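Chain by chain, the residues run as shown.
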Amino acid sequence: MGQVFAVIMAGGRGERLWPLSTPLRPKQFLPLLSGRSFLQATAERVAPLVGKDGLFVVVPQEYKELVAKELSLPWERIIVEPEGRNTAPALGLSGLVLFARDPKGVMIAFPSDHLVTKTEEFQKVLRVAVELAQKGGHLVTLGIKPDRPAIGYGYIRYAELFTEVGGIPVYRVERFVEKPDRTKAEAFLAEGCYLWNSGIFVWRVDIFMHALSVHIPELYAGLLELREHLGKPSWAEALARVYPLLPAISIDYGLMEKAQNMLVIPADIGWSDVGDWSAVASLFPKDESGNAVYAKHVGIDTENCVIYTEDPGRLVATLGLRDLVIVETKEALLILPRDRAQEVRKILERLRKMP
């Protein structure tokens, strides 16, 4: 049995949580979970599965100091990207590093900035995924049972039952589906054989690297070039030269949408990607009118709003408002309808074009 590794992907920009999430301190480093950051909570959640020496973080150069400070990790377990190139290169680089340690080891890959409230169930399901990856050479993912027709997530359509482990069903994957429109999302929910794509993957390191060679050969070729320099004084120069030339694609698009040996485990783990300000509402207490508030708030005839101030003592007074997001930081004030929370990036795009 090989070693079990966890690789936390900490390179996200969290742009839909602007103005709180910024390039200098993106979402995964924000202390929104009872004073802990998303990154710290993710590391704590997975630590019992991998032991003291099995936790790794892959992160762009500009965030390596933040990772080291938040997790007190030794530098050899922080896998540094010269620049962010999306999840396929990040996980490919991680696979290269772990292959040198234990080719038959199992990699569990996680985003750093998601919320999981049912920790015991999460760990139970992952132990099943690790067992499947070790024994059968499958690429395994967790699928989240949908409770609404969400349009902000990708979906996984599952096929026939593959096996059952300890009462937990495991299905073959029929296909991955890109983020749908509202009509398709409602159809997926009604059909009952679709799950949300959690972005959590489990695979044996050698099986994963072989899959990259088949489905993303240009990425694999770059990794082979880098392998010649791993652990040598030439590593930093080679990484700086080769990594920016690797294809900047997601692991979903590059691999998971093409591979055939995929399994999915439906998981009820209290999951959210907390991907926009409307989703952040789940982190804050709600008042009697359904407002999720992290501020000193006086509201009259105000319902179903998300209200956040960086200074929790800052007074926000509202009257006659419905379904809005109100966010104040030292840098900016953001106000928008909750049902357009996914569009915050449009503001950033406009700001970048301003003189």
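See above for the structure.
Peer 1: Please give an account of the sheet that holds strand β14 (residues 306-309) that cites residues and values.
Peer 2: Taken in spatial order, the four strands make up an open sheet running β12-β14-β16-β17, and their pairing is mixed. Here the strands that pair on one side only, and so sit at the sheet edges, are β12 (292-294) and β17 (333-337). The average undirected angle you get between the axes of adjacent strands in this sheet is 5°. With four bridges connecting them, β14 and strand β16 (residues 324-328) associate as parallel partners. Note on β16: the bridge partner recorded for Ile307 is Ile326.

Peer 1: Lay out the side chain of Arg204 in plain terms, naming residues and giving numbers.
Peer 2: Note that Arg204 resides in strand β9 (residues 194-204). By relative accessible area, Arg204 is classed as buried at 16%. At a separation of 2.8 Å, a polar atom in the side chain of Arg204 contacts the side chain of Asp206. Residues contacting Arg204, with those up to four places away along its chain left out, are Lys104, Gly105, Val106, Ala133 and Gln134.

Peer 1: Account for the nonpolar core, naming residues and giving values.
Peer 2: Considering soluble globular proteins, one finds that nonpolar side chains tend to be buried as a cluster. Among the nonpolar cores identified, the biggest contains 99 residues, and Leu255 and Ile265 are the most heavily contacted of them. Per-element tally for this core: the top contributor is helix α4 (residues 119-136), with eight residues. Setting aside its immediate chain neighbours within four residues, Ile265 contacts Val125, Val128, Ala129, Leu132, Val140, Thr141, Leu142, Gly143, Ile168, Pro169 and Val170. In terms of nonpolar packing, the next biggest core, distinct from the first, is built from 25 residues, Leu17, Trp18, Leu33 and Phe284 among them.

Peer 1: So what's going on with helix α6 (residues 205-215)? Residues and values would help.
Peer 2: When α6 is considered as a whole, its buried residues turn out to be Val205, Asp206, Phe208, Met209, Ala211 and Leu212. Structurally, α6 contributes buried residues whose contacts are with α3 (87-101), β4 (106-111), β6 (139-144), β9, α7 (217-227) and α9 (251-256).

Peer 1: An account of the packing of α3 against α7 is needed here, citing residue identities and associated values.
Peer 2: Orientation of α3 relative to α7, taken along the N-to-C sense of each, is 35°, at an axis distance of 10 Å. The two elements α3 and α7 meet at a crossing, and its hand is right-handed. Between α3 and α7, the contacting residues are Ala88, Pro89, Gly92, Leu93 and Leu96 on the first element and Leu219, Leu223, Leu226 and Arg227 on the second. Looking at the contact of α3 with α7, its residues break down into seven nonpolar, one polar and one charged.

Peer 1: Just give me the short version of the packing of aromatic side chains, but keep the residues and values in it.
Peer 2: Here the structure, examined in full by the defined rule, presents 15 aromatic pairs. With a centroid separation of 4.3 Å and an interplanar angle of 5°, the aromatic rings of Trp203 and Phe208 are classed as stacked. Taken as a pair, Trp203 and Phe208 share a single burial class, namely buried. Three or more aromatic residues joined by ring pairs make a cluster, and in this case those are Trp277, Phe284, Tyr294 and Tyr308.

Peer 1: Explain the packing of helix α1 (residues 38-50) against α4 to me, and be specific about the residues and the numbers.
Peer 2: When two helices pack together, their arrangement is given by the angle between the helix axes and by the axis-to-axis distance. The interhelical angle for the contact between α1 and α4, taken along N-to-C directions, is 40°, at an axis separation of 10 Å. On the basis of the axis angle, α1 is oblique to α4. Considering how the two elements wind past one another, α1 and α4 form a crossing that is right-handed. Each of Arg45, Pro48 and Leu49 in α1 lies in contact with α4, whose residues at this interface are Thr119, Phe122, Gln123, Leu126 and Arg127. The residue makeup of the contact of α1 with α4, split by class, is four nonpolar, two polar and two charged.

Peer 1: Describe α4, and please don't skip the residues or the numbers.
Peer 2: For α4, which comprises 18 residues, the first-to-last C-alpha distance of 26 Å matches the rise-based estimate of 26 Å (1.5 Å per residue) to within 8%. Every buried residue of α4 is listed here: Phe122, Gln123, Val125, Leu126, Val128, Ala129, Val130, Leu132, Ala133 and Gln134. Positioned one or two residues after α4, Gly137 has a phi angle of 70°, which is positive.

Peer 1: Could you give an account of the environment of Val106, with specific residues and numbers?
Peer 2: Inspection of the secondary structure assignment puts Val106 in strand β4. Take Val106: its relative accessible area is 0%, and that puts it in the buried class. For the pair Val106 and Glu81, spaced 25 residues apart in sequence, the C-alpha separation works out to 21 Å. When residues no more than four places from it in sequence are discounted, the contact partners of Val106 are Gln3, Val4, Phe5, Val130, Ala133, Gln134, Val202, Trp203 and Arg204.

Peer 1: Lay out the pattern of salt bridges in plain terms, naming residues and giving numbers.
Peer 2: Overall, the coordinates contain 22 salt bridges when judged by the stated rule. A salt bridge links Arg13 to Glu62, with the nearest nitrogen and oxygen atoms 2.9 Å apart. Of this pair, Arg13 sits in the loop between β1 (4-9) and α1 while Glu62 sits in the loop between β2 (55-60) and α2 (64-71), and the two are 49 residues apart along the sequence. The partly exposed category is assigned to Arg13, whose relative accessible area is 35%. Looking at Glu62, the relative accessible area reads 43%, which means it is partly exposed.

Peer 1: Which residues make up unusual backbone geometry, and what are the values?
Peer 2: Where the residue is not glycine, phi is negative for most of them; where a peptide bond is considered, it is trans in most cases. Of the consecutive residues Trp18 and Pro19, the connecting peptide bond is found in the cis state with omega at 10°. Looking at the element boundaries, Pro19 is found in the loop between β1 and α1. Despite not being glycine, Ser72 has its phi angle at roughly 50°, a positive value. A positive phi is found at Asp301, a non-glycine position, where the angle reads about 50°. Tracing the sequence through the fold places Asp301 in the loop between β13 (296-300) and β14.

How each quantity is defined
- Throughout this description, residue numbers start from 1 for each chain and increase along the sequence as written.
- The model is predicted, so local features are restricted to residues of pLDDT at least 70 and side-chain atom pairs to those at 80 or more, both for listing and for counting; the totals for chains, interfaces and linings are taken over all residues.
- With hydrogens and water set aside, each side-chain value is computed from the structure's full complement of heavy atoms.
- Here a strand pair is declared whenever DSSP counts at least two bridges between the two strands.
- A run of H or I in DSSP counts as a helix once it spans at least four residues, and a run of E counts as a strand once it spans at least two, with each numbered from the N terminus.
- Under this scheme, a helix contributes an axis fitted over its contacting stretch, all axes are lines through C-alpha atoms, and angles between N-to-C directions fall in the 0 to 180 degree range.
- The rule is simple: take the accessible area with a 1.4 Å probe, protein chains only, and divide by the maximum for that residue type; under 20% is buried, over 50% is exposed, in between is partly exposed.
- Here a polar contact is recorded for every N or O atom pair within 3.5 Å, except that within protein the pair must consist of a potential hydrogen donor and a potential acceptor, and residues adjacent in sequence are included only if both atoms are side-chain atoms.
- Note on definitions: a residue-residue contact is assigned when non-hydrogen atoms from the two residues lie within 4.5 Å.
- In this text, buried Ala, Val, Leu, Ile, Met, Phe, Trp, Tyr and Cys residues form a nonpolar core when linked through side-chain atoms within 4.5 Å.
- Should the near helix be turned counterclockwise from the far one by less than a right angle, the crossing is left-handed, whereas a clockwise turn marks it as right-handed.
- Gly falls in the polar group here, along with every residue not listed as nonpolar (Ala, Val, Leu, Ile, Met, Phe, Trp, Tyr, Cys, Pro) or charged (Asp, Glu, Lys, Arg).
- Aromatic pairing here means that ring centres of Phe, Tyr or Trp (its six-membered ring) are within 6.5 Å. Orientation follows from the plane angle: under 30 degrees is stacked, over 60 is edge-to-face, and everything else is tilted.
- Throughout, the term roughly parallel applies to angles under 35 degrees, roughly antiparallel to angles over 145, roughly perpendicular to angles from 65 to 115, and oblique to all others.
- To estimate how far a helix should extend, the number of its residues minus one is multiplied by 1.5 Å.
- Salt bridge, as used here: a side-chain nitrogen of Lys or Arg that lies within 4 Å of a carboxyl oxygen of Asp or Glu.

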